[in-house]
Amino acid sequence: MKGDIKKIHPEYVMSEIDKLASDDAIFTVDTGMTCVWGARYLQATGKRHMLGSFNHGSMANALPQAIGAALAYPDRQVVALCGDGGLSMTLGDLETVVQYKLPIKIIVFNNRSLGMVKLEMEVDGLPDWQTNMLNPDFAQVAEAMGMTGFNVSNPEEVLTTLLNAFELDGPVLVNIMTDPNALAMPPKIELGQMVGFAQSMYKLLINGRSQEVIDTINSNYKHIREVF
């Protein structure tokens, strides 16, 4: 499933990146939902590397780690998998990428929210609060910094845009509008998590946010078999 306009399934995006990236690519993943998608859908080859903030869970690590990887291994493909929250904290690093002519491919999973924080609140039975983000046009920001930038809102344009980005020389940023209601299912779903999530959905309903509940159900009914 690819998703809808401005609600592209992040799983689909990551699976296409896995197919297009080289066998010895270096991936850097931001802490949060992007890390989950990378761990699940990027296949190991024995030559690939994945870098992240796996011990401390620091935000906004993907782009600076990609800069270091590109400088250390100039002959290898480096792909920075950024969340919109993480990239917002390191926008100045785009200028560093351009200044040093680093051919990093920056893929932004733009769900217009702090997705992992939102999910953590929901499984604790809390309606999400102050997790939405008002983002700039990241592709235009990239262009202003001096690199090529693409925006993708239509799921049918994901593959062709990624192909174009990987084939271009030099740094490229691809800003993909992913589904803000996509849930990262844990390997083992615990009863407490299910109860907490149900409580948060109920609280959204009684506070007049029923459309958010409907959108969440529509975006994640595909995971029903994982629950049972």
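Residues numbered from 1 in each chain as written. Predicted model: local features only at pLDDT ≥ 70, side-chain atom pairs only at ≥ 80, totals over all residues. Heavy atoms only, no water.

Let's shift gears to the layout of surface pockets. Put simply, the second largest pocket is a space of about 250 Å³. Around the second largest pocket sit 22 residues that line it, and Thr-31, Gly-32, Met-33, Gly-115 and Met-116 are the ones nearest its centre. If you list the elements that add at least two residues to the lining of the second largest pocket, you get α2 (33-41), α4 (84-89) and α6 (115-123). A class-by-class count of the residues in the lining of the second largest pocket yields nine nonpolar, ten polar and three charged. (1 Å grid on protein atoms, 1.4 Å probe; cavity = no way out; pocket = protein on both sides within 12 Å on 5 of 7 lines; lining within 4 Å. Points joined across faces, edges and corners; volume = space filled by probe spheres on them. Helix = DSSP H or I, 4+ residues; strand = E, 2+ residues; numbered from the N terminus. Nonpolar A, V, L, I, M, F, W, Y, C, P; charged D, E, K, R; others polar.)

Quick look at the packing of aromatic side chains now. The final tally for this structure, using the stated rule, is zero aromatic pairs. For the cation-ring pair, Arg-76 lies above Tyr-73, with the distance from its terminal atom to the ring centre recorded as 5.3 Å. (Phe/Tyr/Trp six-rings, centres within 6.5 Å; stacked < 30°, edge-to-face > 60°. Lys NZ or Arg CZ within 6 Å of the ring centre and 35° of its normal.)

Right, let's get into the nonpolar core. Core analysis: the largest hydrophobic core is formed by 27 residues, its most contacted members being Ile-17, Leu-81, Ile-107 and Val-174. Elements with a contribution of two residues or more to this core: α1 (10-20), β3 (26-29), α2, β5 (78-83), β6 (105-110), β7 (148-152), α8 (158-167) and β8 (172-177). Those residues in contact with Leu-81 that sit more than four places away from it in its chain are Met-14, Ile-17, Phe-27, Thr-28, Val-29, Asp-30, Thr-34, Leu-42, Ala-62, Ile-107 and Phe-109. In terms of nonpolar packing, the next biggest core, distinct from the first, is built from 21 residues, Leu-102, Ile-104, Val-108 and Ala-142 among them. (Core = buried A, V, L, I, M, F, W, Y, C linked by side-chain atoms within 4.5 Å. Buried < 20%, exposed > 50% of the residue type's maximum accessible area, 1.4 Å probe, protein only. Contact = heavy atoms within 4.5 Å.)

This brings us to the side chain of Asp-84. Relative to the elements of secondary structure, Asp-84 occurs in helix α4. No salt bridge is formed by the buried Asp-84; its nearest oppositely charged neighbour, Arg-112, is found at 6.8 Å. Within the structure, the side chain of Asp-84 is placed 3.1 Å from the backbone nitrogen of Arg-112, a separation counted as a polar contact. A polar atom in the side chain of Asp-84 sits 3.2 Å from the backbone nitrogen of Ser-113. (Lys, Arg positive; Asp, Glu negative; His and termini not counted. Salt bridge = Lys/Arg side-chain N within 4 Å of Asp/Glu carboxyl O. Polar contact = N/O pair within 3.5 Å; in protein donor to acceptor, adjacent residues only side chain to side chain.)

The buried count for α1 comes to eight of eleven residues, which makes it a mostly enclosed element. Of all the residues in α1, the buried ones are Pro-10, Glu-11, Tyr-12, Val-13, Met-14, Glu-16, Ile-17 and Asp-18.

If you walk across this open sheet you meet the six strands as β4-β3-β5-β6-β8-β7, and the pairing is parallel. Each having just a single partner strand, β4 (49-51) and β7 make up the two edges of the open sheet. Averaged over all pairs of adjacent strands, the angle between strand axes in this sheet comes to 15°, irrespective of strand direction. In this sheet, β6 lies alongside β5 in parallel orientation, the contact comprising five bridges. When the sheet's bridge partners are listed, Leu-81 is paired in β6 with Ile-107. Across the face of the sheet, α2 comes into contact with β3, β4, β5 and β6 while running at roughly 135° to β5. Sitting on the sheet, helix α3 (residues 62-72) is in contact with β3, β4, β5 and β6, with an inclination near 170° to β5. (Pairing = 2+ DSSP bridges. Axes fitted to C-alpha atoms, helices over the stretch in contact; angles between N-to-C directions.)

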